[in-house]
Protein chains: 2
Amino acid sequence: MTTPSGTRPPAVLTAYDCWRLLPTEEVARVAWSGPDGTAIVPVNYTVTHQSLWFRTQPYSALGRQVHGGRVAVEVDHVDHVDKSAWSVVAIGTAQVVDGDEVPDSVLQMRVWVPGPRSLVVRVDPVEVTGRRLWGRADANR
Amino acid sequence: MTTPSGTRPPAVLTAYDCWRLLPTEEVARVAWSGPDGTAIVPVNYTVTHQSLWFRTQPYSALGRQVHGGRVAVEVDHVDHVDKSAWSVVAIGTAQVVDGDEVPDSVLQMRVWVPGPRSLVVRVDPVEVTGRRLWGRADANR
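What counts, and at which threshold
Residues numbered from 1 in each chain as written. Chains lettered and ligands numbered in written order. Predicted model: local features only at pLDDT ≥ 70, side-chain atom pairs only at ≥ 80, totals over all residues. Heavy atoms only, no water. Buried < 20%, exposed > 50% of the residue type's maximum accessible area, 1.4 Å probe, protein only. Helix = DSSP H or I, 4+ residues; strand = E, 2+ residues; numbered from the N terminus. Pairing = 2+ DSSP bridges. Contact = heavy atoms within 4.5 Å. Buried area = accessible area lost by both parts, 1.4 Å probe. Salt bridge = Lys/Arg side-chain N within 4 Å of Asp/Glu carboxyl O. Polar contact = N/O pair within 3.5 Å; in protein donor to acceptor, adjacent residues only side chain to side chain. Nonpolar A, V, L, I, M, F, W, Y, C, P; charged D, E, K, R; others polar.

Draft legend 1. Structural detail: the pairing of strand S3 (residues 37-44) of chain A. Residue and element names in this part refer to chain A. Of all eight residues making up S3, seven are buried, and the element is well covered by its neighbours. Taken together, the eight bridges between strand S2 (residues 27-34) and S3 define a ladder with antiparallel strand orientation. Considered in S3, the bridge of Gly 34 is made with Gly 37. In sequence, S2 turns back onto S3 through a hairpin of two residues.

Draft legend 2. Structural context of the interface of chain B and chain A. Each side of the interface is counted separately: chain B has 53 residues, and chain A has 53 residues. Counting the surface lost from both chain B and chain A, the interface buries some 4200 Å², and carbon and sulfur atoms represent 61% of this. The interface formed by chain B and chain A holds six salt bridges in total. The salt bridge partner of Asp 76 of chain A is Arg 29 of chain B, with a shortest N-O separation of 2.9 Å. Connecting chain B to chain A are 10 residue pairs in polar contact (both at pLDDT 80 or more). Sorting the residues of the side of chain B that touches chain A by element identifies strand S2 (27-34), strand S3 (37-44), strand S6 (70-79), strand S7 (84-97) and strand S8 (119-134) of chain B as the ones contributing at least two each. Ranked by residue count, the leading element in the side of chain B that touches chain A is S6 of chain B, at six residues. Partitioning the side of chain B that touches chain A into residue classes produces 24 nonpolar, 14 polar and 15 charged.

Scope: geometric values only; no functional claims are made or implied.
Here is the structure:
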């Protein structure tokens, strides 16, 4: 079986590093336990007040199923040339937030999907973990 | 609330397109329902015989929890310049596969994390869905 020749193990990221990295990306993957089992969908997101925020349509699976439930939000950055990467996973409860309580930065966040995204969801992480792979020097090429 | 100015909705990908796109990436996110709730982790993967394959450590959370369970595997490609993207989600049951039944392409697949990854997992999707966002011409910039 082919295994990588490098020996440097992935680095476990500190919470500080996770929170430093989270705002640097624009796409997260939200996973949750839906009525048909585990579901996952990519979303644009933003980080404000130590929470993750995203917007969706009220009638989407995410919009209908996520309120009050535990979600896992994954953000990563992959360098296909160096074979380096980092990944951060935030675990928390998703809450639909009413208009008056939505920060301006969330109202103004860029959403790549055209059309209204009127449902605003906030995830307050109770656990944030991450790791980093070191890339070229250690990767099997 | 700021909403994108474009009107072209995301395209729903056909199964053919999903299977055409899946082999073009190297990193997938596997989500499953673990003892503590929904979990998610990025993995290297390969596509062989209309199945998704990845390798992990037997004592990782993924390795310990995933066998026989329903998983959601997400693969995407994000163009940060154009704000275009596609995403494919495959739903299926994960099966740990014994050595003799593992195709050579899986044994030889590139795994970015150094160290042995002796547990081979196959996911036979029962549902494959995807969508494409069109990017610059339609995105809110």
